[in-house]
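So you can see what is in the structure, the chains are spelled out below.
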Amino acid sequence: MGRTESFASGYAPDPDEFDPRTDEFVSKERNYIHFDLRLSEARRTGLSFTPQQILTYDFWPLLAYDSVERRAKKDIAGNTYFEEKVRPIKFAAHLDAALLEWYGRELGQRYECYLQGCDFDNSVLAYRSGVGDNISHASGLFEEIKYRGECTAIAVDISGFFDNIDHHVLMTALREVTSSKRLANPDFKIFEFMTKFSWVEADELKFRLGGRYGRRGRICSADEFRRFVRGRPDSLIQRNPNAFGIPQGTPLSGLYANISMVSVDQAIHDYVSQNGGSYRRYSDDIAVVMPGLESADAIVSMISEVLRSVGLTLSGHKTEVRQFTRNAGRQIANKPFQYLGFTFDGEKTLIRQSSLNRYYSKMHKGIRAKIRAAKNKGVPRDEVYLRELYRKYTHFGKSRNFPRYAYRAARDLNAPEIRGQMRSHFRLFKAALSHYLDRAYS
């Protein structure tokens, strides 16, 4: 089965890949606590919704918390400082999420059909099935740089992407993707939920409910919700008052974000390709590769102008420009280029040092917490259950942990130097284990 290839990693799926599926829809298992009960496997299997069910459906408020990531940075003098990146996450109740997931599959098929008629289909890399992951996308970009030899690579980041998506722009794009002059009523019902969303802050909710929180497999009963969450003068429910912004964290958020960018993707792709370059967008990360050693000012200015036309702006401090040249048969960069968690200098591909630092930081915190909990429960030192720590933080563990991810990246990127980065991880793990055991049981 043929695929349409381009420098941008990913591919344009063949039309028959998006025929309606014959298998039953099974909603993802979600184990968090929310306003409703978790869905059983039987209830998640074969789930579907009629237009009338969607129109009469009552959504619970989203549950909100801030995901905080502490990153080590270096200033011009080489001094290390720490920067916190805060992502406001809002996630839906169990049945609400299943509905959005089901609807997203249906809308996603329409979006994929739409992309088949666009020449930027290979440039949209995130929130799509069957187009690879960040490792394959990084590989595609680095291979293009190698192929071009002398070229300029540019990476920019959209500031507050989800929080600033313009509702009118999104509505216009939805009508274009669905070939509708006006959204069907069920589509509009979902649109209203995603744009006029309401939420409750998790910390405020726990404080308000106290011992009532989570007693029966859900945050609270429907009666307690009416009495303590919604029905008081100081209601905890907040609503988006703006004509922009969608929640980050629902099953539909990524697809809606992609659809809102169809005019942006088309405009940037057209400009870049007409000048012999390539364009990629992975959610809010944009990468452009241009032939030759060009000034990036015109490209960055063009991207900024296109984004402004839909109410978005660039994160100026995250703009990165790298020039690659050939010298004595070697490709050299003026500085390693960073993309999707990796760096590339023309020859070597490495995992970003900040990603390694986060892994080791999480490893230390996880080991310390596990041993401290065992000590507090009176578990003897030689009976502390360590298998979970080995699974989470070493190459002996489950396939989705960081060391296994790193070794897969080394293989898929043909970068043995990444294995070198991980060479000491097991020794450092055992050292941390001994340190915290000694400290707890001395």
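Since this is a predicted model, take the numbers as computed values, not measurements.

Each value, and the rule that gives it
Numbering of residues starts from 1 in each chain and follows the order in which that chain's sequence is written. Per-residue local features of the predicted model are confined to residues with pLDDT of at least 70, and side-chain atom pairs are confined, for both listing and counting, to 80 or more; whole-chain, interface and lining totals are unaffected and use all residues. Side-chain metrics rest on all non-hydrogen atoms present in the structure, leaving aside hydrogens and water. Elements are defined by DSSP. Helices are runs of H or I of four residues or more, strands are runs of E of two residues or more, and each kind is numbered from the N terminus. Partly exposed residues are those whose accessible area sits between 20% and 50% of the maximum for their type, while under 20% is buried and over 50% is exposed, using a 1.4 Å probe and protein chains only. Contacts were defined at the residue level, with two residues in contact if any of their heavy atoms lie within 4.5 Å. None of His or the chain ends enter the tally, which takes Lys and Arg as positive and Asp and Glu as negative. Here the site of a charge means atom NZ of a Lys, CZ of an Arg, CG of an Asp or CD of a Glu. An axis is simply a line fitted to the C-alpha atoms; with a helix, the fit covers only the stretch in contact. Between two such axes, the angle follows the N-to-C directions and lies from 0 to 180 degrees. Angle categories: roughly parallel below 35 degrees, roughly antiparallel above 145, roughly perpendicular from 65 to 115, and oblique for all the rest. For a crossing to be left-handed, the near helix must be turned anticlockwise from the far one by less than a right angle; the clockwise case is right-handed. In this count, Pro and Cys sit with the nonpolar residues alongside Ala, Val, Leu, Ile, Met, Phe, Trp and Tyr, while Asp, Glu, Lys and Arg are called charged and the others, Gly among them, polar. What makes a salt bridge here is a side-chain nitrogen of Lys or Arg within 4 Å of a carboxyl oxygen of Asp or Glu, nothing more. Being paired, for any two strands, means DSSP has found at least two bridges between them. What counts as a disulfide here is a pair of cysteine sulfur atoms lying within 2.5 Å. Two rings from Phe, Tyr or Trp (for Trp, the six-membered ring) form a pair when their centres sit within 6.5 Å of each other. Planes less than 30 degrees apart are called stacked, planes more than 60 degrees apart edge-to-face, and all others tilted. Two thresholds decide whether a charge sits over a ring: the Lys NZ or Arg CZ must be within 6 Å of the ring centre and within 35 degrees of the ring normal. Two distance rules govern patches: like charges are joined within 9 Å, and nonpolar side chains (Val, Leu, Ile, Met, Phe, Trp, Tyr) within 5 Å, applied only to residues with over 30% relative accessible area and no salt bridge. In short, Shrake-Rupley with a 1.4 Å probe defines the accessible areas, and a residue's cover is counted only from the protein chains shown. Expected helix span is taken as 1.5 Å per residue step, with the number of steps being one fewer than the number of residues. Nonpolar core, defined: a set of buried Ala, Val, Leu, Ile, Met, Phe, Trp, Tyr and Cys residues in which side-chain atoms within 4.5 Å join the residues together.

Moving on, we get to the overall build of the chain. Counting its regular elements, the chain contains 16 helices and 13 strands. Counting only C-alpha atoms, the chain reaches 75 × 70 × 45 Å along its principal axes. The buried share of the chain, reckoned over its 442 residues, is 47%. Taking contacts inside the chain between residues at least 6 apart in sequence as the whole, the part at least 24 apart equals 71%. Charged side chains of the chain number 67 positive and 54 negative; the gap between the two group centres comes to 9 Å.

This next bit is on the packing of helix H3 (residues 94-115) against helix H9 (residues 253-260). Contact pair H3 / H9: the axes reach a minimum separation of 10 Å and the direction vectors enclose 25 degrees. Classified by the interaxial angle, the pair formed by H3 and H9 is roughly parallel. Between H3 and H9 lies a crossing whose hand is left-handed. Each of Gly-104, Leu-107, Gly-108 and Tyr-111 in H3 lies in contact with H9, whose residues at this interface are Leu-255, Tyr-256, Asn-258 and Ile-259. Looking at the contact of H3 with H9 residue by residue, the classes come out as five nonpolar, three polar and no charged.

For the rest of this paragraph, the subject is the pattern of salt bridges. Under the definition given, this model contains 20 salt bridges. The salt bridge partner of Lys-196 is Glu-192, with a shortest N-O separation of 3.3 Å. With relative accessibility at 55%, the residue Lys-196 sits in the exposed group. Across the pair Arg-232 and Asp-234 runs a salt bridge whose closest N-O atoms are separated by 3.2 Å. Each of Asp-133, Arg-408, Arg-411 and Asp-412 takes part in salt bridges that share partners, so that together they form one network.

Across the five residues of strand S6 (residues 278-282), four count as buried, placing the element largely inside the fold. Sheet topology note: the S6/strand S7 (residues 285-291) ladder contains five bridges and is antiparallel. In the strand pairing of S7, Ser-278 is matched with Val-289.

Next up on the list: the state of the cysteines. All chains considered together, the criterion is met by zero disulfides. With no disulfide of its own, Cys-113 lies closest to Cys-118 among cysteine sulfurs, the gap being 11 Å.

Okay, the sheet that holds strand S11 (residues 337-339) next. The three strands are arranged S11-S12-S13 in an open sheet whose pairing can be described as antiparallel. Sheet topology places S11 and strand S13 (349-351) at the edges, where each strand pairs with a single neighbour. Recorded for the sheet is a direction-independent mean angle of 30 degrees between the axes of neighbouring strands. Summarising the sheet, S11 and strand S12 (residues 342-344) pair through three bridges and their orientation is antiparallel. Among the inter-strand pairings, Phe-337 is bridged to a residue of S12, identified as Phe-344.

The subject of this paragraph is the packing of aromatic side chains. Counted according to the given criterion, the structure contains 22 aromatic pairs. Arranged with centres 5.6 Å apart and planes meeting at 20 degrees, the rings of Phe-35 and Trp-60 form a pair that is stacked. Highlighted residues: Phe-35 in the segment before helix H1 (41-44) and Trp-60 in the loop between helix H2 (51-55) and strand S1 (62-74), separated in sequence by 25 residues. Note that Lys-90 overlies the ring of Trp-199, its terminal NZ or CZ placed 4.8 Å from the centroid. In this arrangement the basic side chain of Arg-212 is found over the ring face of Phe-228, its NZ or CZ atom lying 4.0 Å from the centre.

Of note, Ala-328 is a non-glycine position whose phi angle comes to about 55 degrees, a positive value. Note on placement: Ala-328 falls in the loop between strand S9 (320-327) and strand S10 (330-333). Ala-328 gets classed as exposed once you look at its relative accessible area, which sits at 78%. Unusually for a residue other than glycine, Leu-340 sits at a positive phi of about 50 degrees.

Further remarks concern a positive patch on the surface. Where like charges cluster on the molecular surface, the positive patch consists of Lys-28, Arg-387, Arg-391, Lys-392, Lys-398 and Arg-400. As for its placement among the helices and strands, Lys-28 is situated in the segment before H1. For Lys-28, a relative accessible area of 55% puts it in the exposed group.

A word on the environment of Leu-47. Along the chain, Leu-47 turns up in the loop between H1 and H2. Through-space distance from the C-alpha of Leu-47 to that of Trp-102 is 7.8 Å; in sequence the pair is 55 residues apart. Those residues in contact with Leu-47 that sit more than four places away from it in its chain are Phe-25, Ser-27, Ala-98 and Trp-102.

Note: α-helices contain 3.6 residues per turn, so residues at a spacing of three or four share the same orientation. Under the 1.5 Å per step criterion, the end-to-end length of helix H11 (residues 297-308) is 16 Å for twelve residues, consistent within 8% with the ideal 16 Å. Of the residues making up H11, those classed as buried are Ile-299, Val-300, Met-302, Ile-303, Ser-304, Val-306 and Leu-307. Close packing links the buried residues of H11 with strand S3 (151-159), helix H10 (262-274), S7 and strand S8 (313-314).

Counting 67 residues, the largest nonpolar core has Ile-190, Leu-252, Tyr-256, Ile-259, Ile-268, Val-288 and Ile-303 as its most contacted members. Discounting chain neighbours no more than four positions away, the residues touching Ile-190 are Ile-54, Phe-59, Leu-99, Leu-100, Tyr-103, Leu-252 and Tyr-256. Grouped together as the second largest cluster of nonpolar side chains are 43 residues, Val-289, Tyr-360, Ile-367 and Ala-415 included.

Examined against the element boundaries, His-94 turns out to sit in helix H3. Assessed through its relative accessible area of 2%, His-94 is described here as buried. Separated by 334 residues in sequence, His-94 and Leu-428 have C-alpha atoms that sit 40 Å apart. Apart from residues lying up to four places away in sequence, His-94 is in contact with Arg-30, Tyr-32, Ile-33, His-34, Asp-36, Leu-37, Arg-38 and Leu-39.

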